[in-house]
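Below are the chains, spelled out letter by letter.
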Amino acid sequence: MNVVLLADTAWLEEELHSLQHLIIGLVDERVRVVQLFPEDAAAPPSTLTCQRLTWSESRWPELNRWRLSRMHAAVGRLEPSLIHCLTSRLWRPAVQVAEELSLPVILGAVAHAALDRVERAVRGADPNRVAFAAGTEPLAQALRQRVDPAIVVEHVPIGAHASEEMHGCRGEDSLCAIVSGDGEMDEHYEALLRGIAQIVE
């Protein structure tokens with residue numbers, strides 16, 4: 001599978017850690033990732049194995065949407081399986097590119113402010129090729145009320161979530177933890193190590 005991730009600079013600046021976790025999870029599932037990001041946006045360190053397409057971002061939203069909607073040929077050459085748009089600001093061009101290439105598109109929604117963009121984003125799109133990934137259940141319910149019933153709307157909790165059950169931690173079983181990162185000891189690593197110590201003790 002080959003997934004195109006689409007975002008703008010504002011989303012990347014706010015959600016860089018989320019992007020790293022998303023890409024690591026996709027790569028772990030053997031998904032090839034293509035970043036469709038603004039040309040001036042910095043790539044996070046964990047995404048060096050990803051292919052990258054760039055677009056020229058403007059401060060004018062309409063110009064950004066127009067530029068992105070013209071990227072279907074470049075995106076199509078990479079033979080993607082689907083497009084995942086990470087910000088509601090780019091939903092419409094993501095749908096347009098997906099329609100040009102007859103691809104499914106996932107539209108990420110994390111705030112109720114995005115609801116104002118729903119009807120315009122999906123207007124004229126094949127409802128069987130559009131899905132919404134909502135960050136909360138109330139947002140998912142609000143989206144379901146605004147879209148064609150054929151459009152899939154799923155609640156996809158934001159962040160990494162541990163299983164309710166712990167496997168392999170009974171009795172004399174050995175424990176193992178794999179931690180990846182830049183190796184710099186900061187408050188996040190200290191909190192992680194304290195948490196591991198509590199489990200081991």
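This text goes with the structure placed above it.
Residues numbered from 1 in each chain as written. Predicted model: local features only at pLDDT ≥ 70, side-chain atom pairs only at ≥ 80, totals over all residues. Heavy atoms only, no water.

K.L.:
How should unusual backbone geometry be read in this particular structure?
P.N.:
The phi dihedral of Arg-30 is positive, around 65°, even though this residue is not glycine. Position of Arg-30 relative to the elements: it lies in the loop between helix H1 (9-28) and strand E2 (32-38). Residues other than glycine seldom take positive phi values, yet Ser-102 does so here, at roughly 55°. Mapped onto the secondary structure, Ser-102 falls in the loop between helix H4 (91-101) and strand E5 (105-109). (Helix = DSSP H or I, 4+ residues; strand = E, 2+ residues; numbered from the N terminus.)

K.L.:
What should I look at first to understand helix H6 (residues 137-146) in this one?
P.N.:
Side chains of residues three or four places apart in an α-helix project in the same direction, reflecting 3.6 residues per turn. When H6 is considered as a whole, its buried residues turn out to be Leu-139, Ala-140, Ala-142 and Leu-143. Looking straight down H6, one finds its buried side chains confined to an arc of 165°; they lie on one side. With respect to the buried face of H6, the exposed residues turned more than 90 degrees away are Pro-138 and Gln-145. Buried positions along H6 lie against E5, helix H5 (118-122), strand E6 (130-134) and strand E7 (152-155). (Buried < 20%, exposed > 50% of the residue type's maximum accessible area, 1.4 Å probe, protein only. Arc of directions from axis to C-beta. Contact = heavy atoms within 4.5 Å.)

K.L.:
Got a minute to help me understand the nonpolar core in this structure?
P.N.:
Generally speaking, soluble globular proteins have nonpolar side chains that are buried together. Leu-36, Trp-91, Leu-107, Phe-132 and Leu-143 are the most contacted members of the largest nonpolar core, which has 39 residues in total. Here this core gets 5 residues from one element, more than from any other, and that element is H4. Formed by 15 residues, the second largest nonpolar core is a distinct cluster that contains Ala-7, Ile-23, Val-31 and Phe-37. (Core = buried A, V, L, I, M, F, W, Y, C linked by side-chain atoms within 4.5 Å.)

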